[in-house]
Amino acid sequence: ILCGRNVKEVYLTYFSQANEYESMIMNAANIYEFGMWDYTVFKLPAIMICIAALAAGAVFIKKLHDRKKFNLRMYSHTALWISWTCFMFLPSMHERYAYLPALLLGLIFLVYKEKLTLACMCAFNVSLALTYATFLSGGIDVPQYMVAAPACISYCVYTYRMFVSGGMLISRPANRRI
């Protein structure tokens, strides 16, 4: 949408794909591994929760943007948070939707050398590796909620740091590390 695609086209594409699988998750380590599997019950509430989270984040981010304190670092963290939020909360996510958050975590760490970003990247990638191991081997003896736990915990820590403590969105000199 931000790059010029038609709003209707973007959302219709997602809804058609979400209805194709009729599953809350497909080889993805997100919050739905903790027992919220019933697609007919949780599909609409999941979409509404995601929209609410994105709207709340947008309000906070808009306040910073209005104060002219938004820079490339904040845009990077915002892009990561938006893509990660969609992966964690939208129904019918597969592992391929984790590529963007995983890539952005790595890029942000390489550019800004933030220890928290490194920790979140490691935890998220452990979940992804276990997800792929389960998918490719036909199953491993680790309960799926334990596979999802590092991804969910790292998302919560990252979100807390970004919005509650303000650590990710506060403008700092490039050489300062968090």
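Quick note: structure is the one above.
First, a word on what this report is: a plain description of the structure on this page.

Conventions adopted
Residues numbered from 1 in each chain as written. Predicted model: local features only at pLDDT ≥ 70, side-chain atom pairs only at ≥ 80, totals over all residues. Heavy atoms only, no water. Phe/Tyr/Trp six-rings, centres within 6.5 Å; stacked < 30°, edge-to-face > 60°. Helix = DSSP H or I, 4+ residues; strand = E, 2+ residues; numbered from the N terminus. Buried < 20%, exposed > 50% of the residue type's maximum accessible area, 1.4 Å probe, protein only. Axes fitted to C-alpha atoms, helices over the stretch in contact; angles between N-to-C directions. Parallel < 35°, antiparallel > 145°, perpendicular 65-115°, else oblique. Left-handed = near helix turned anticlockwise from the far one by under 90°. Contact = heavy atoms within 4.5 Å. Nonpolar A, V, L, I, M, F, W, Y, C, P; charged D, E, K, R; others polar.

As for the packing of aromatic side chains
Here's step 1: Applying the stated criterion to the full structure yields 7 aromatic pairs.
Here's step 2: An angle of 75° between the planes, with centres 5.7 Å apart, marks the rings of Phe-89 and Tyr-155 as edge-to-face. Of the two residues, Phe-89 is situated in helix H3 (residues 72–89) and Tyr-155 in helix H6 (residues 144–164); the sequence distance between them amounts to 66 residues.
Here's step 3: Judged by its relative accessible area of 6%, Tyr-155 is buried.
Here's step 4: Through a chain of ring-to-ring contacts, the aromatic side chains of Trp-84, Phe-87, Phe-89, Phe-124, Tyr-155 and Tyr-158 assemble into a single cluster.

A short note on the packing of H3 against H6
The relative placement of two packed helices is expressed as an angle between their axes plus a distance between the axes.
Here's step 1: Running from N to C, H3 and H6 point in directions that differ by 140°, and their axes come no closer than 11 Å. Here H3 is positioned oblique relative to H6, judged by the angle of their axes. Handedness of the crossing formed by H3 with H6: left-handed. On H6, the residues that touch His-77, Thr-78, Leu-80, Trp-81, Trp-84, Thr-85, Met-88 and Phe-89 of H3 are Ala-151, Cys-152, Ser-154, Tyr-155, Tyr-158, Thr-159, Met-162 and Phe-163.
Here's step 2: Looking at the contact of H3 with H6 residue by residue, the class counts come to 11 nonpolar, 5 polar and no charged.

Description of the side chain of Thr-85
Here's step 1: Within the secondary structure layout, Thr-85 lies in helix H3.
Here's step 2: Once you skip the residues sitting within four places of it in the chain, Thr-85 turns out to touch Cys-50, Ala-53, Leu-54, Leu-90 and Tyr-155.

Taken by themselves, the reported measurements are silent on function.
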